Amino acid sequence: MTDQLMNEQYKNEKAVFLFNQSTRLTEHELFQLAENSYPNGSPWPVETYKSELTETYSEYGIVLQQGKKVGFIGYTQLFDEVEITTFGILKAFNNQGIGQLFLQSFIAFLKDKEVKMIFLEVREQNKAAVTVYEKAGFKTIAVRKNYYHDPIENALIMQLSM
């Protein structure tokens, strides 16, 4: 592995977490990960992932367990702020603590990059995700009424100050 990749790799006994992986992923891989992670399938079509992979400030991280991609995180960084745009763990790997460990590793990665603030949006009814974010220190700062479709739900805007 290159020195750069080693600096962007975080490990524990359950998984390997790799960040800045956009050049190593395809839009179809991301779509399939999302399709098999979210209760209602991928929130975005393949074309959106393709666009995200080419955006200057957008990036992706992945979780590997025994060499298999089991989760992902999409994020946009501008200066010392990051917005998590998408985050998911394959349904078959839920309730194993992988999502919490992935998020903690992501936060550590961002601290190393001197990020000061992280924002995200999450479905108000996605209690499992909200719990993961709250355990990591995120606070709800606003609600966007009827933001999500299929079904229509509010979005919680959450923030972590580091």
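Everything here concerns the structure above.
Residues numbered from 1 in each chain as written. Predicted model: local features only at pLDDT ≥ 70, side-chain atom pairs only at ≥ 80, totals over all residues. Heavy atoms only, no water.

Participant: Could you give me a rundown of the side chain of Q21, with the residues and numbers involved?
Facilitator: Its place among the elements puts Q21 in the loop between β2 (16-18) and α2 (27-35). A polar contact is formed between the side chain of Q21 and the backbone oxygen of F19, at a distance of 3.0 Å. (Helix = DSSP H or I, 4+ residues; strand = E, 2+ residues; numbered from the N terminus. Polar contact = N/O pair within 3.5 Å; in protein donor to acceptor, adjacent residues only side chain to side chain.)

Participant: Which residues make up the packing of aromatic side chains, and what values go with them?
Facilitator: For the structure shown, the criterion picks out 13 aromatic pairs. Aromatic pair Y147 and Y148: ring centres 5.1 Å apart, planes at 85°, arrangement edge-to-face. Assessed through its relative accessible area of 36%, Y147 is described here as partly exposed. A residue is classified by how much of its surface remains accessible, and Y148, at 19% relative accessible area, is buried. Grouping aromatic residues by their ring pairs yields a cluster made of F17, F19, Y75, F87, F102, F106, F109, Y133 and F138. (Phe/Tyr/Trp six-rings, centres within 6.5 Å; stacked < 30°, edge-to-face > 60°. Buried < 20%, exposed > 50% of the residue type's maximum accessible area, 1.4 Å probe, protein only.)

Participant: I'd love a proper account of the pattern of salt bridges, names of residues and values included.
Facilitator: Any two side chains of opposite charge can pair, on the condition that their charged atoms come close. Counted according to the given criterion, the structure contains three salt bridges. When the shortest N-O distance is used, the salt bridge between E29 and K69 registers 2.6 Å. In this pair, E29 sits in helix α2 while K69 sits in strand β4 (residues 68-78), placing the two residues 40 residues apart along the sequence. Given a relative accessible area of 27%, K69 falls into the partly exposed group. With a shortest N-O distance of 2.0 Å, E121 and R144 are connected by a salt bridge. Taken together, the residues span a long stretch of sequence, with E121 in strand β6 (residues 117-123) and R144 in strand β7 (residues 139-148) at a distance of 23 residues. (Salt bridge = Lys/Arg side-chain N within 4 Å of Asp/Glu carboxyl O.)

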